[in-house]
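For reference, the chains in residue letters:
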Amino acid sequence: MDGETLKAPNFLNGKSIRFKLLFYFLSLILFLVISLVMFSNMAYSRFIEKQTIDHTLQMINHVKKNVEFHIADMENIIQYLSAEPNVTAFLKGSKTDGAGNEAQIRKILSSYIQIHGEIAGILIVDGNGRYISNEMKSISRDNLTSESWYKLAHTPPYSLQLFSKPMGRNLETRFNYSADDVLSVVKAVVDHDTGQCTGIILIDLKLETLQEIMNSATFDNEGFLFIIDSNGDIVS
């Protein structure tokens, strides 16, 4: 093989130099065109993939911000309620005008429910297990302070607690919703003078509110979003 020269394709044998040059020139152009098309397709696919990923991240961030907004709103409502003098008196165990004080609290709770359609129910429980709610009542005579959601909220540093689909709690609702339909937002009420927890406030947030946020997220493909809690259970 050493010393041999490259031979042109058989069909070029006997062809003129001009024809051969034209053939090679056209072959080169065809190769460049094919390479350009392949490169363009790859670049376009990568561009579309990047656009899809960016859009997905935007949707996730959009949903995250809206969910956090609703959770923060529930925490703010708990703060407002805990600052109400009637609520403070109830949680501290004041016996003065008990019936009138409870009526005032029920009126306040009712006003929040009317204004915030995303709230299914509100429950206030003091340190002795006494409670006030327009939507919920205990199923058995067991003290509500023995409930897991109460204990977790009652434990320092008294941070906000979330319970998705809180099945098995000693509560039933007077209206048409069940534990499967809500996310419970629970936080302790702390006496600023003593630093001690005087009780908790629980708000049931309708899961349909979170579902509406999820449904507002649009995707270019068949993708979908879902929320899971710290236990790995699907919330919405």
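Coordinates for the structure precede this section.
As a starting point, this report considers the structure included with it. Because the structure is a prediction, the values reported are computed rather than measured.

## Section: the sheet that holds strand 7 (residues 197–206)
Strands sit in the order 2-1-7-6-4 across an open sheet of five strands; the sheet is antiparallel. Bordering the open sheet on either side are strand 2 (131–132) and strand 4 (161–164), each of which pairs with just one other strand. Where strand 1 (residues 119–126) meets strand 2, two bridges bridge the pair, whose relative direction is antiparallel. Residue pairing across strands places valine 125 opposite tyrosine 131, the latter belonging to strand 2. Running over the sheet, helix 1 (residues 17–83) touches strand 1, strand 4, strand 6 (182–190) and strand 7 and is turned about 140 degrees from strand 7. Its contacts with the sheet put helix 3 (residues 98–115) on strand 1 and strand 2, and the angle it makes with strand 1 is roughly 150 degrees.

## Things to note about the packing of aromatic side chains
How two aromatic rings sit relative to each other is set out by the distance from centre to centre and by the angle between their planes. Within the structure shown, the criterion is met by two aromatic pairs. Between phenylalanine 23 and tyrosine 24, the aromatic rings sit 5.6 Å apart at their centres with planes inclined by 65 degrees, giving edge-to-face as the arrangement. Ring geometry for tryptophan 149 against tyrosine 150: centres 6.4 Å apart, planes inclined by 70 degrees, an arrangement best described as edge-to-face. With relative accessibility at 4%, the residue tryptophan 149 sits in the buried group. Exposure remark for tyrosine 150: the relative accessible area of 3% places this residue in the buried category.

## What to know about the pairing of strand 7
In terms of residue burial, strand 7 counts as a mostly covered element, since nine of its 10 residues are buried. The pairing of strand 1 with strand 7 spans seven bridges and is classified as antiparallel. The residue bridging isoleucine 119 from the neighbouring strand is leucine 205, located in strand 7. Both strand 6 and strand 7 contribute to a ladder of nine bridges, which runs antiparallel. Opposite lysine 187, over in strand 7, you have isoleucine 201 as the bridge partner. Hairpin connection, strand 6 to strand 7: the antiparallel pair is bridged by six residues, and glycine 195 has positive phi, about 75 degrees.

The rules behind these values
- Residues numbered from 1 in each chain as written.
- Predicted model: local features only at pLDDT ≥ 70, side-chain atom pairs only at ≥ 80, totals over all residues.
- Heavy atoms only, no water.
- Pairing = 2+ DSSP bridges.
- Helix = DSSP H or I, 4+ residues; strand = E, 2+ residues; numbered from the N terminus.
- Contact = heavy atoms within 4.5 Å.
- Axes fitted to C-alpha atoms, helices over the stretch in contact; angles between N-to-C directions.
- Phe/Tyr/Trp six-rings, centres within 6.5 Å; stacked < 30°, edge-to-face > 60°.
- Buried < 20%, exposed > 50% of the residue type's maximum accessible area, 1.4 Å probe, protein only.

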